[in-house]
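The residues making up each chain are set out below.
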Amino acid sequence: MHDLQAVHAFVEKHRRRRQSNKVLHGHPSPVHWLEKDVPMRDVLQAREQANRAIRKQVNLYVGTPYCLPTDPDRCGFCLFPSEIYTGHRQLDEYLGYLEREGDMFRDHFAGTELASIYFGGGTSNLYKADQYPRLMDVVRGVFEIPPHIEVTLEGIPQTFTHDKLLGMKQSGMNRISMGVQQLDDELIKASGRKQTSEQVYRTLESCDALGLPASVDLIFGWPNQTLEAMVRDLEAMAATGITHITHYELNVAGRTDFFSKSERRTPHDGRQPGDVPRGQSGPRVVWLHAGDTIRLRAERRRAREYVSV
Ligand SMILES: C[S@@+](CC[C@H](N)C(=O)[O-])C[C@H]1O[C@@H](n2cnc3c(N)ncnc32)[C@H](O)[C@@H]1O
Ligand code: SF4
């Protein structure tokens, strides 16, 4: 094998060589491999030794897979795996499984430093106020939680209450992320979600009163959404003083209700984007025109002033 000096000399010599494609099959490229028989055990040992010297940091994600049933059974746009929430016993049982999983992974993560914790889903704010300390204890059972790291819990507007937010804060969670998607109470109905803008504002007020920084998710390109509605939502959320907005472009795909509706009404069947087929059952779903999408992109540039996408 080359000694270290030779490797440095090689890298230095070739550093400025023009490359058309930086994706290599191995590093360095196989054309520079000289020795044919490198014992794999030595390579793995050297790698393990080098890994031990590296400070390991983990961004931990703890999922809760349950969601309130909507009509149809899950939010019309959602591509995430989820199970239907049936009641608190389900969550108690799930916490028990998380605790057992923590026991299984404790040794594996010994000495690993946590950089952040995110409780997502599904819907992580279905727990009762007194279950959040138990959720945090699952993590504490495996990791030392350094002070000042970001600990976020994500949820939906209608199941945040002041008591729950207090329970979250007291358990050590220090940031809330809320899936708002749309502030317009009529537009949100297209997804089957039962939430109101009033619940969004009430949650943000509670976060503010408790000193919990909050972030919201919004989706643009939504059925029947106009540019004005999109900008209105962005401005309304920015005006509340929240710390962050994540602005997603609607992805219509997979086995979602939105996708099955869009398939029925694509231009292949002779309809124009924006038309609603007669007799369509369920929520009225109208997709934006292609021109609107282009204008939406332009609007996004404007929105960047206060949005991270
Ligand atoms: C894990 S998901 C859902 C979180 C939470 N259960 C909720 O419903 O608000 C996180 C975010 O992804 C975004 N998202 C989910 N499906 C999407 C889609 N099809 N297109 C664009 N954004 C999507 C939504 O903004 C959502 O808040
Ligand atoms: S959008 Fe959120 S609440 Fe709705 S089904 Fe997906 S994960 Fe569950």
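Given the structure is predicted, the values throughout are model-derived calculations rather than measurements.

So, how was this worked out
Residues numbered from 1 in each chain as written. Chains lettered and ligands numbered in written order. Predicted model: local features only at pLDDT ≥ 70, side-chain atom pairs only at ≥ 80, totals over all residues. Helix = DSSP H or I, 4+ residues; strand = E, 2+ residues; numbered from the N terminus. Buried ≥ 20, exposed ≤ 12 C-beta atoms within 10 Å, placed from the backbone. Contact = placed C-beta atoms within 7 Å. Near = placed C-beta within 6 Å. Nonpolar A, V, L, I, M, F, W, Y, C, P; charged D, E, K, R; others polar. Axes fitted to C-alpha atoms, helices over the stretch in contact; angles between N-to-C directions. Parallel < 35°, antiparallel > 145°, perpendicular 65-115°, else oblique. Left-handed = near helix turned anticlockwise from the far one by under 90°. Pairing = 2+ DSSP bridges.

## Some details on the overall build of the chain
Here is step 1 of the chain: For the chain, the helix and strand inventory stands at 9 helices and 8 strands.
Here is step 2 of the chain: Evaluated residue by residue, the chain yields a buried proportion of 24% over its 309 residues.
Here is step 3 of the chain: When contacts within the chain are restricted to residue pairs at least 6 apart in sequence, those whose partners lie at least 24 apart make up 77%.

## A word on the site of ligand 2
Here is step 1 of the chain: Around ligand 2 sit Cys 67, Arg 74, Cys 75, Cys 78, Phe 80, Ser 82, Gly 121, Gly 122, Thr 123, Ile 156 and Gly 179, and that is every residue in its neighbourhood.
Here is step 2 of the chain: Across the shell around ligand 2, the residue classes break down as 5 nonpolar, 5 polar and 1 charged.

## Thoughts on the packing of helix H3 (residues 88-105) against helix H4 (residues 132-140)
Here is step 1 of the chain: Running from N to C, H3 and H4 point in directions that differ by 15 degrees, and their axes come no closer than 9 Å. Relative to H4, the element H3 lies roughly parallel. With respect to the hand of their crossing, H3 and H4 are arranged in left-handed fashion. From H3, Leu 95, Leu 98, Glu 99 and Gly 102 reach across to H4, where they touch Arg 134, Leu 135 and Val 138.
Here is step 2 of the chain: Here the residues of the contact of H3 with H4 are counted per class, giving 4 nonpolar, 1 polar and 2 charged.

## A few points about the packing of H4 against helix H5 (residues 162-171)
Here is step 1 of the chain: Relative to each other, H4 and H5 sit at 30 degrees, their axes nearing to 8 Å. Classified by the angle their axes make, H4 and H5 are roughly parallel. Where H4 crosses over H5, the two elements pack in a sense that is right-handed. Residues Tyr 132, Pro 133, Leu 135 and Met 136 of H4 touch H5, and the partners they reach there are Gly 167, Met 168 and Ser 171.

## Observations regarding the sheet that holds strand E6 (residues 175-181)
Here is step 1 of the chain: With parallel pairing, 6 strands are arranged side by side in an open sheet as E1-E4-E5-E6-E7-E8. Looking at the sheet topology across the chains shown, the edges are occupied by strand E1 (57-64) and strand E8 (244-249). Here the average twist between neighbouring strands, direction ignored, is 20 degrees.
Here is step 2 of the chain: As paired elements, strand E7 (residues 214-220) and E8 share 6 bridges and run parallel to each other. Across the sheet, Phe 220 pairs through a bridge with Glu 249, a residue of E8.
Here is step 3 of the chain: The sheet strands contacting helix H6 (residues 197-210) are E6 and E7, and the helix crosses E6 at an angle near 170 degrees.

## Describing the site of ligand 1
Here is step 1 of the chain: What surrounds ligand 1 is a group of 16 residues, the closest being Phe 77, Gly 179, Asp 217, Tyr 248 and Asn 251.
Here is step 2 of the chain: Of all elements in the fold, only strand E4 (113-121), E6 and E7 reach the threshold of two or more residues within the shell around ligand 1.
Here is step 3 of the chain: Within the shell around ligand 1, the residues separate by chemical class into 8 nonpolar, 6 polar and 2 charged.

By themselves, these are just geometric observations and shouldn't be taken as functional.
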